[in-house]
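# Structure at a glance
These are the residues of each chain, in order.
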Amino acid sequence: MFQMTVENFLLMLVLILGYTMIVFVRESVSYSAPYIAEDEQLSFNDLGLIVSSQKLGYTMIKFVGGSMVDLLDPGNVFISSVILSGLSGMVFTACSSVTTFSFTWFLSGLIQGPSWPACAVLMRKAFRGNQFATWWSVLSASSNLAAFIGPLVSQTFNSAYPWRVGFVFFGSLSIIVAAVGGLLLLNLQPKKTGGDETRREEKDSKSWSLRSLLTPIMLVLCFDYFLLSVVRGACCDWSQHYLMQEKKQSVITGGQFISSLEIGGMVGSIMAGYMSDAPVSKNKHQASGRLKTQLLFSCFLTVSLSCLIFNVNSHSSQIWLHSVGFFLGFSVYGCINIIGILCLEVSPSHLSGTAVSVATLAASVGRVVAGYPLTVIASYFSWHQSFMTALLVSLVSLLASGVVMAMVNHKHKMELKHKKL
């Protein structure tokens, strides 16, 4: 399962390093917020506007960016995104007002939007179905790792130099990485090694059509992705407040719980990919094999969230708290990883970028719902009710996964019956 050609190894290296630089640049304002606020005399409302402008640009371009990747060369799109992302970070240092900061960071969000769909298209072309999920998970985990170590690196730079130095350094490094990666990609023409062997489109169906993408299976998968993103938002954004308000834990314990959750997320993402590839190696029907793993992780998610709600209190040991946090992250990130892969694999190969964009758009809506609505529930009732809502959502997600499996199995039986006829 882990056999890899030199070409695919170099491709993975380019994607990991390039996307790591994109993550560093994307989060650089958040990492350096106190220093920017002090040097530029900005309020935290101003900083919030700057960060939100980038999120707005990133969200706006998601759908268009995926379609762009389907129409253009994904390698060129990815390298251009890394280069322009680095340049946007450097241009940001030349700004001096909230308006120019926000506009530049909005453009940065637009620039970075097509990068992830480009990664998806390149990997789908390069890896067989029984390897795709594993290496997709490695790429996903590497981006999580970049987000984990980014604050540490930024803190080191900002404590020794003005904040602009760090922006210029990471911007320049992004351009260098992209230039080297671009030269490598010019010589890498990944063969279709089997990743497209189960695609169901005809050779003459190369036209761009939402009807061929938004099938009932895809729509239910996107709905499941939305639900899982709500649960993820509750766990990642609000579990620290939940532990402090409802379980009477300290701020330090809450922060350690989040760290355990993120570490579990990195491990769970890779394990989910590897475990979902294993049945595919024995069964050519990819979606059915991956859905079994998805159902397993969904059950694990519901159990882990139940443990947080019903089996954690003010007297719980640190080992138990960290274990719950680890396995909660393990299961929620594992579920999200497999759902993303399924959305890609059930879509026509010539619409891979658009499929990723549609799926991530559903996930973004889920994260929005996990924000303000859950805090409203907490303010009117309690954080316990908010997390009970998240538990209910996880149960609906489990049901949605079961519905998708039934739909996939029915479609597979119909295809076999049609072939026999």
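Our structure's up above, just so we're on the same page.
No experiment lies behind these values; they were computed from the predicted model shown. (Residues numbered from 1 in each chain as written. Predicted model: local features only at pLDDT ≥ 70, side-chain atom pairs only at ≥ 80, totals over all residues. Heavy atoms only, no water.)

### Focus on a nonpolar patch on the surface
A grouping of Leu145, Phe148, Ile149 and Leu152 is seen on the molecular surface, where their side chains present a nonpolar patch of about 350 Å² in accessible area. Assignment of secondary structure puts Leu152 in helix α7 (residues 129-160). (Patch = residues over 30% accessible without salt bridge, like charges linked within 9 Å, V, L, I, M, F, W, Y side chains within 5 Å. Areas by Shrake-Rupley, 256 points an atom, 1.4 Å probe, with all protein chains shown as cover. Salt bridge = Lys/Arg side-chain N within 4 Å of Asp/Glu carboxyl O. Helix = DSSP H or I, 4+ residues; strand = E, 2+ residues; numbered from the N terminus.)

### Description of the side chain of Ser229
Positionally, Ser229 belongs in helix α10 (residues 216-245). Judged by relative accessible area, which is 2%, Ser229 ranks as buried. A polar contact of 2.9 Å, which involves the side chain of Ser229, links it to the backbone oxygen of Tyr225. Non-local contacts of Ser229, meaning those with residues more than four positions away in its chain, are made with Ala363, Gly366, Arg367 and Ala370. (Buried < 20%, exposed > 50% of the residue type's maximum accessible area, 1.4 Å probe, protein only. Polar contact = N/O pair within 3.5 Å; in protein donor to acceptor, adjacent residues only side chain to side chain. Contact = heavy atoms within 4.5 Å.)

### Overview of empty space enclosed by the protein
Counting across every chain of the model gives one cavity of 30 Å³ or more. Taken as a whole, the largest cavity encloses approximately 40 Å³ of empty space. Lining the largest cavity, in full, are Ser28, Ser32, Ser154, Phe157, Asn158, Gly166, Phe167 and Phe170. Those elements that place two or more of their residues in the lining of the largest cavity are α7 and α8 (163-186). (1 Å grid on protein atoms, 1.4 Å probe; cavity = no way out; pocket = protein on both sides within 12 Å on 5 of 7 lines; lining within 4 Å. Points joined across faces, edges and corners; volume = space filled by probe spheres on them.)

### What about the layout of surface pockets?
Counted as a void, the largest pocket has a volume near 1700 Å³. Taken together, 41 residues line the largest pocket, and the ones lying closest to its centre are Arg26, Glu27, Asn144, Arg232 and Arg367. Secondary-structure elements contributing two or more residues to the lining of the largest pocket are α1 (6-31), α3 (44-71), α6 (115-126), α7, α10, α11 (251-282), α13 (318-345) and α14 (352-369). The greatest single-element share of the lining of the largest pocket, amounting to eight residues, is contributed by α14. Each residue belonging to the lining of the largest pocket can be placed in one class, and the counts come to 19 nonpolar, 14 polar and eight charged. (Nonpolar A, V, L, I, M, F, W, Y, C, P; charged D, E, K, R; others polar.)

### Examining the nonpolar core
Leu221, Leu305, Leu308, Leu328 and Phe387 are the most contacted members of the largest nonpolar core, which totals 58 residues. Elements supplying a minimum of two residues to this core: α10, α11, α12 (286-310), α13, α14, α15 (372-380) and α16 (383-420). Among the elements that make up this core, the one with the highest residue count is α10 (16 residues). Excluding anything up to four places from it in sequence, Leu308 contacts Tyr242, Leu243, Lys247, Phe257, Val324, Leu328 and Phe387. Core analysis: the next-biggest nonpolar cluster, separate from the first, contains 37 residues, Val77, Leu139, Ala146 and Leu344 among them. (Core = buried A, V, L, I, M, F, W, Y, C linked by side-chain atoms within 4.5 Å.)

### Quick notes on α13
With 28 residues, α13 extends 40 Å from end C-alpha to end C-alpha; this agrees with the ideal 40 Å at 1.5 Å per step. Of all 28 residues in α13, 21 are buried; the element is thus mostly enclosed. (Expected span 1.5 Å × (residues − 1).)

### Remarks on the environment of Ile79
Looking at the secondary structure, you find Ile79 in helix α4 (residues 74-92). Considering only alpha carbons, one finds Ile79 and Ser115, 36 residues apart in sequence, at a separation of 8.3 Å. Among all residues touching Ile79, those that are not within four sequence positions of it are Val14, Ala178, Gly181, Gly182 and Leu185.

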